[in-house]
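An overview of the molecular structure
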Amino acid sequence: MPPKPPRRAGSARTQRPSPDGGSAPPAAPRLEVGEADFVVLCDALKVSESVREKAWKTYESLSAADGALACNKKKKETWGVCIFIVAIDLDEVTFTFTELLKSINMSVCTFFQFLKEVDVNMDTVSTKVDSTVSRLKKKYDVLFALYHKFERTCGLIYLEQPSSEISAELSSVLVLKNYWITFLLAKGKVLQVDDDLVISFQLLLCVLDYFIKLSPPAMLKEPYKSSVSAVTVNGSARTPRRGQNRSSRTAKQLDTDTKIIEILCKEHDCNLDEVKNVYFTSFIPFLNSAGIVASNGLPEVEVILKQYDELYLKNKDIDARLFLNHDETLQPAVTACSQLERTPLKTNPDEEINIPQTPVRVAMNNIQQLIMILNSATDKPSDTLIMYFNNCTVNPKDSILKRVESFDHIFKKKFAEAVGQGWAEIGSQRYKLGVRLYYRVMESMLKSEEERLSVQNFSKLLNDNIFHTSLLACAVEVVLATYGRNASQSDSSGAETDLSFPWILNVFDLKAFDFYKVIESFIKAEPSLTREMIKHLEHCEHRIMESLAWQSGSPLFDLIKQSKEREGQTDQPEPTSTLNMPLQHNHTAADLYLSPVKSPKKKASGPPLSATSTPDAQPAVIPQTQKPQKSTSLSLFYKKVYLLAYRRLHTLFLHLLSEHPDLEPLIWTLFQHTLQNEYELMRDRHLDQIMMCSMYGICKVKNVDLRFKIIVSAYKELCNTNQETFKRVLIREEQYDSIIVFYNLVFMQRLKTNILQYASSRPPTLSPIPHIPRSPYQFSNSPRRVPAGNNIYISPLKSPYKFSDGFQSPTKMTPRSRILVSIGESFGTSEKFQKINQMLCNSEGQLKRSAEVGAAAPKPLKRLRFDIEGQDEADGSKHLPQESKFQQKLAEMTSTRTRMQKQKLNDGNDTSASEEK
């Protein structure tokens, strides 16, 4: 039944309670809008007149829209969504998010999903609402993950049925309630971010440590019971509390006994120093400011409840106390929006299963992997780096150390501003990890450059401020991303935290285009990066190419301008003739920052270019016989942009126009033409905006019915997309509107002539389709060639964890499956591997020549045996006792391959001799 028309004042009721509980003055009747149930809902949520009027209009427009079946079937839910949207847009939120969910009987996850369904025309939900929903969802994901971790942890700490000597007031339910609400209050008071899973969990461990020490030993399981009993005997924890200063007592307590916090950190793979830091700098000040007083061994629930209630009503978001009751509004749907995995039951003891990893466990594992990598590194330049510094014409050591120290203070300050003033030292600790990685990767890069160029003087590169700032920023970004993986990382939307990229660019005052130059070399120089971290850096690179590098003030536009001014060259940052060529290059960060440039078409006289060539931003003094040279960094950037652009277009095209394959090359040609010749349209805009406009424009002139509504609906379903991309597009300075307005007022006006050519009998020449390679980054499962190893390839040691749906799961691996070796053959078809296996395993195996050639068969190889330690029966070679078995096997394989080559050579000589006869 369609909604009733709006009712005027007095048509239903002449008087009703006002939002504050009093009676509305009869002399000032208000306009009552909508159906009776809608009015009741508005009254329950105490919304203002302006909110209820606009919310009802929004509901009417949604009900009348095409495909609005869901809205008509779920009236009350739709009303709630409309009230939520309007209240946020008007900044008149008079209710908490939980109160709204309770009023319309919806869970958090169901509400988020229904909000997507309601936004039929893509104009109902503003970017402001999107931002609010994103914040709520991230907070829910973190709280959900933490609560379930908290429940399981408490089950390992406390006895289910403690002895009768324990007071009934200290039941496990009361303990849980005290724990959780104290944590929620501490998190809300101390943390300025809602979505930092790691810091929140470290704070939770501080709460656990504090409460365990207050609990009677009879309530506790081992090893916590023994630890608390030991503290009691020593008199450092069970002393009278009411007459003591809480700060000095707590500090003294932790100083004299860290056993419990050590156990907790060990159980959860947490860094002990970091947790201690959180305890002293954040948790103790919180206890003092909150005025929490212990009664019967536990803080008074009423005190913390009252304080949390004030915080919850102020924030108007999720009432996380309801997790204690397993309230239905906080339970995940059947297809959970956070997609958090739960541990499955194992029915067959012999059955191999993958144990899912919780978000907290995944985060701790990632951090431990990073710390293990950096354990051998130092926060000072190594002797090898010092040697490279000394070889420079201008020694860069002092400037490097000064820069690192300067950014330490800057990062510490910015981190505290983002997370909370009490977390400055945590920020400093993470920065120091980044500095270790910075020096480690720098050394690896310089070694590679030395091998590549056979030089040791890198004065130009090592004195380049932008290179060092970018490299340091990239190292710190890896650390932040490792710590910052939140509970919703498995979500395809790529949820971000307050410290997510590009936050680091603002901290280091770095241009995105300059940061991009170091990413690929960084990945290649650090082989220990996890697959997830490589994907993260690749995602950062995509963010830069799609929008960040095109912001006003970017050096990219200066490079394009220089490219235009090249004598006799057309306005092409990268010729279209190279599009269908594979993206193969051996450029390094040194090339991109110092820009060894492409040689011009006519050979120029002068010395060859080296690693100390002139940077892009500083034009060189060029002989008159030589044309201005082309920027390597710009050329490579455009190649990568074209690849990314075509990938995005091809994916969206398959969703929308698979029945019109002839249109794809036309759309790509217009898209590529815009990027190449109308690149100013990209300024302060997004690559996908140009893509969608190109698709719409071609379909328009080719009379294919494809509306923008359909385009953006399909676009929303793609990975790593944001609704702001099509809802908020720059029209002119400081003016933004939807992508439809952008197409009509800007895109079409600039490209009208070009677009109309596609409808004529002489359309423009089609641009070549880019060659789509695999990812340029070598993931950890890619076999690698042993340097100077005579074509020996080794697969890296595989992780015992499998990454599935955003989580790591343990897998069973044999010693053989964890590492694989190939000798003497480049990787190719399965037939090649079969021949190798047959040759090695068959003692009588022979490589027969074709009968037509009439050649003699080669001599049979002796059987290879690796089970006699220190000796290979094929050649009787001995090994040094200090060599590892792995080194011995490599030596044996190399020896075998050499012998095979010699035998093949001898056979060839025999054949030649017989042919001469």
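All values derive from a computational prediction rather than experimental measurement. (Residues numbered from 1 in each chain as written. Predicted model: local features only at pLDDT ≥ 70, side-chain atom pairs only at ≥ 80, totals over all residues. Heavy atoms only, no water.)

What to know about the overall build of the protein chain
Looking only at helices and strands, one finds 34 helices and eleven strands in the protein chain. Within the protein chain, the proportion of its 917 residues that are buried is 48%. For the protein chain, the proportion of contacts with a sequence separation of at least 24, taken over those separated by at least 6, is 74%. Within the structure as shown, the protein chain displays about 45100 Å² of accessible surface, and the carbon and sulfur contribution to it stands at 51%. (Helix = DSSP H or I, 4+ residues; strand = E, 2+ residues; numbered from the N terminus. Buried < 20%, exposed > 50% of the residue type's maximum accessible area, 1.4 Å probe, protein only. Contact = heavy atoms within 4.5 Å. Areas by Shrake-Rupley, 256 points an atom, 1.4 Å probe, with all protein chains shown as cover.)

Concerning the nonpolar core
Counting 231 residues, the largest nonpolar core has Phe508 and Phe522 as the members making the most contacts within it. For this core, the element with the highest residue contribution is helix 9 (residues 197-214), accounting for 14 residues. Those residues in contact with Phe508, other than ones at most four positions away along the chain, are Phe407, Phe411, Tyr431, Thr469, Leu472, Ala473 and Val476. (Core = buried A, V, L, I, M, F, W, Y, C linked by side-chain atoms within 4.5 Å.)

Let's talk about the environment of His539
Structurally, the position occupied by His539 is in helix 23 (residues 531-546). Looking at His539, the relative accessible area reads 28%, which means it is partly exposed. Along the chain, His539 and Phe501 lie 38 residues apart, while their C-alpha atoms are 9.6 Å from each other.

Overview of helix 26 (residues 632-656)
With 25 residues, helix 26 ought to run about 36 Å at 1.5 Å a step, and its terminal C-alpha atoms sit 36 Å apart, in line with that. Across the 25 residues that make up helix 26, a large majority, 18, are buried. (Expected span 1.5 Å × (residues − 1).)

Quick look at the environment of Ser767
Structurally, Ser767 is set in the loop between helix 31 (739-757) and strand 5 (784-785). The exposure class of Ser767 is buried, given its relative accessible area of 9%. Among the polar contacts made by the side chain of Ser767, one reaches the side chain of Gln672 at a distance of 2.7 Å. (Polar contact = N/O pair within 3.5 Å; in protein donor to acceptor, adjacent residues only side chain to side chain.)

Here we look at the packing of helix 28 (residues 687-701) against helix 29 (residues 708-716)
The contact between helix 28 and helix 29 brings their axes to 10 Å, and the two run at 140 degrees. It follows that helix 28 is oblique to helix 29 by the angle criterion. With respect to the hand of their crossing, helix 28 and helix 29 are arranged in right-handed fashion. In contact with Asp688, Met691, Met692, Cys693, Met695 and Tyr696 of helix 28, helix 29 contributes Phe708, Ile711, Val712 and Tyr715. A class-by-class count of the residues in the contact of helix 28 with helix 29 yields nine nonpolar, no polar and one charged. (Axes fitted to C-alpha atoms, helices over the stretch in contact; angles between N-to-C directions. Parallel < 35°, antiparallel > 145°, perpendicular 65-115°, else oblique. Left-handed = near helix turned anticlockwise from the far one by under 90°. Nonpolar A, V, L, I, M, F, W, Y, C, P; charged D, E, K, R; others polar.)

Quick word on the confidence of the model for the protein chain
Averaged over the protein chain, the pLDDT score is 75; the fraction of residues at 70 or greater is 63%. Here strand 10 (residues 871-872) stands out as the element of the protein chain with the lowest mean pLDDT, 37, in contrast to helix 28, whose mean of 96 is the highest. In the predicted structure, residues 235-256 sits below a pLDDT of 50 and forms 36 contacts with residues beyond four places in sequence or in another chain. In the predicted structure, residues 487-495 sits below a pLDDT of 50 and forms 25 contacts with residues beyond four places in sequence or in another chain. (pLDDT = per-residue confidence, 0-100.)

Structural notes on the pattern of salt bridges
A complete count under the given rule lists 26 salt bridges for this structure. Salt-bridge contacts for Arg52 lead to Asp43; the nearest nitrogen and oxygen are separated by 3.2 Å. Since its relative accessible area comes to 2%, Arg52 is described here as buried. Of the residues examined, Asp43 reaches a relative accessible area of 23% and is grouped as partly exposed. Lys137 is the salt-bridge partner of Asp141, the closest N and O atoms lying 3.1 Å from each other. Placement of the pair is Asp141 and Lys137 together in helix 7 (residues 127-157), with a separation of four residues, close to one helical turn. The same class applies to Asp141 as to Lys137, namely buried. Through salt bridges with shared partners, one network takes in Glu520, Lys524, Glu541 and Lys640. (Salt bridge = Lys/Arg side-chain N within 4 Å of Asp/Glu carboxyl O.)

Some details on the packing of aromatic side chains
One pair of aromatic rings is described through two measures. These are the centre distance and the angle between the planes. Counted under the stated rule, the structure contains 51 aromatic pairs. An angle of 70 degrees between the planes, with centres 6.3 Å apart, marks the rings of Phe111 and Phe112 as edge-to-face. Here Phe111 falls in the buried class, since its relative accessible area comes to 0%. Classification of Phe112 by relative accessible area gives buried; the value is 8%. Measuring from ring centre to ring centre gives 5.8 Å for Phe708 and Tyr743, while their planes differ by 70 degrees; the resulting arrangement is edge-to-face. Here Phe708 is found in helix 29, whereas its partner Tyr743 is found in helix 31, with 35 residues between them in sequence. (Phe/Tyr/Trp six-rings, centres within 6.5 Å; stacked < 30°, edge-to-face > 60°.)

Thoughts on the packing of helix 24 (residues 555-564) against helix 26
Close contact between helix 24 and helix 26 brings their axes to 10 Å; oriented N to C, the two are set at 105 degrees. As the angle between them shows, helix 24 and helix 26 are arranged roughly perpendicular. Contact residues: helix 24 offers Leu556, Leu559, Ile560 and Ser563, while helix 26 offers Ser633, Leu634, Phe637 and Tyr638. Across the contact of helix 24 with helix 26, the residue classes break down as six nonpolar, two polar and no charged.

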